[in-house]
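# Per-entry structural report
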Amino acid sequence: MATGTEPHLNSGGVRTGTRAAIAAPHLRTDRWWLAPAATAAGLLAFIVYSTWRAFANADYYAAPYVSPFYSPCLAENCEPMRAGPNWDLFGSWWGISPAIIILIFPLGFRLTCYYYRKAYYRGFWMSPPACAVAEPHKSYSGETRFPLILQNIHRYFFYAALLVAGILTYDTVLAFRDENYEWGHMGLGTLVFLVNIVLIWAYTLSCHSCRHIVGGKLKHFSKHPVRYRTWQWIGKLNARHMLLAWASLVSVALADFYVYLVASGVFDDPRFF
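For the chain, an unreviewed UniProt entry supplies the name Succinate dehydrogenase and the organism Streptomyces ferrugineus.

See the structure below:
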């Protein structure tokens, strides 16, 4: 171990007097870089795709389906959606894509999510890139300074995410109509929306903040059996938070892409009944 008389390669970061004096950046022999590289590639792909779709301002509605990126549509320049979440809160002065308004909330929820923090901290900032691999930064302040201190607003984004999930549930119910808004129909898009909303709710409820809200600050679980049972159920979801984070990220992108294909006329929505 390092002592006060041993030289160190750096004066800060992970190579200080409290760390082992190992000259090599790490002693791992496996391909440790694959995991952070794959994480960065996956997140980057979603960022590129969602940015393109958010600013496209087109092909986001094909009755009865509305893209989850554009729901609820809060601007006057939205395409009219019969009985859909089309609320003209922003008037004619709003000239850019209406998706920019609503995407702030689900993206803010994911950006401040405990799992996604770990993912992009390692994948993009190399803080640290992997277990037992030294990070390249000379200092570390955690989430105590700007801008990372803003991660603490995650709970408030969770409340907004609940509202958005509720609206997407409404959109899924509307997907049981046909293109003429007649009820009692189901297409391939309905199935896509059903899978997406299940994953969205599973990911949202598996959130660490949700688990704390349900079961936190309780001195005696025995006096709160309902909250205790709910806390246990959410705890089981929380154990799969990483899987649900990726699955819901893929599903929401696929739901949007499906609407894009139908709205742009690539193919007609196949009907089951």
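Moving on to the environment of A119. Note that A119 resides in helix α3 (residues 114-123). Residue classification places A119 among the buried residues on the basis of a relative accessible area of 5%. Sequence separation of A119 and P36 is 83 residues, and the distance between their C-alpha atoms is 7.4 Å.

A few words now on the packing of aromatic side chains. Here the distance between the centres and the angle between the planes together describe a pair of aromatic rings. Scanning the model with the defined rule gives 25 aromatic pairs in all. Relative to Y121, the ring of Y120 has its centre 5.2 Å away and its plane inclined at 85°; by these criteria the two rings are edge-to-face. Of the two residues examined, Y120 and Y121, each falls in the buried class. Taking 6.0 Å as the distance between ring centres and 55° as the angle between the ring planes, the aromatic pair formed by F158 and Y159 counts as tilted.

Right, let's talk about empty space enclosed by the protein for a bit. For the structure shown, the criterion picks out three cavities of 30 Å³ or more. In terms of lining, the largest cavity is formed by 16 residues, of which the most central are P106, R110, V164, I200 and V252. Counting residues per element, the ones that place at least two in the lining of the largest cavity are α2 (99-111), α4 (154-174) and α5 (188-205). When its residues are assigned to classes, the lining of the largest cavity shows 14 nonpolar, one polar and one charged. A volume near 50 Å³ is recorded for the second largest cavity. Broken down by secondary-structure element, the contributors of at least two residues to the lining of the second largest cavity are α4 and α5.

In this structure's numbering, the residues bearing the UniProt feature "transmembrane region" (unreviewed entry) are residues 32-52, 93-116, 156-177, 183-203 and 243-263. Helix makes up 90% of residues 32-52 and strand 0%, and the two end C-alpha atoms of the span are 32 Å apart. Here residues 93-116 runs as 67% helix and 0% strand, with 35 Å between its end C-alpha atoms.

So, on to the nonpolar core. Among the nonpolar cores identified, the biggest contains 48 residues, and F69, F109, Y116 and Y203 are the most heavily contacted of them. Examining the composition of this core, we find that six residues originate from one element, α4, more than from any other. Setting aside anything within four residues of it in sequence, one finds F109 in contact with H154, F157, F158, A161, Y203, T204 and C207. Judged by nonpolar contacts, the second largest core, of seven residues, contains A175, F193, V259 and V262.

Attention shifts here to the side chain of S251. Mapped onto the fold, S251 is located in helix α8 (residues 241-263). At 3.0 Å, the side chain of S251 forms a polar contact with the backbone oxygen of S248. Beyond its immediate stretch of four places on either side in the chain, S251 contacts N196 and L199.

Rules and cut-offs
Residues numbered from 1 in each chain as written. Predicted model: local features only at pLDDT ≥ 70, side-chain atom pairs only at ≥ 80, totals over all residues. Heavy atoms only, no water. Helix = DSSP H or I, 4+ residues; strand = E, 2+ residues; numbered from the N terminus. Buried < 20%, exposed > 50% of the residue type's maximum accessible area, 1.4 Å probe, protein only. Phe/Tyr/Trp six-rings, centres within 6.5 Å; stacked < 30°, edge-to-face > 60°. 1 Å grid on protein atoms, 1.4 Å probe; cavity = no way out; pocket = protein on both sides within 12 Å on 5 of 7 lines; lining within 4 Å. Points joined across faces, edges and corners; volume = space filled by probe spheres on them. Nonpolar A, V, L, I, M, F, W, Y, C, P; charged D, E, K, R; others polar. UniProt positions renumbered as here; feature names shortened; annotations may be inferred. Core = buried A, V, L, I, M, F, W, Y, C linked by side-chain atoms within 4.5 Å. Contact = heavy atoms within 4.5 Å. Polar contact = N/O pair within 3.5 Å; in protein donor to acceptor, adjacent residues only side chain to side chain.

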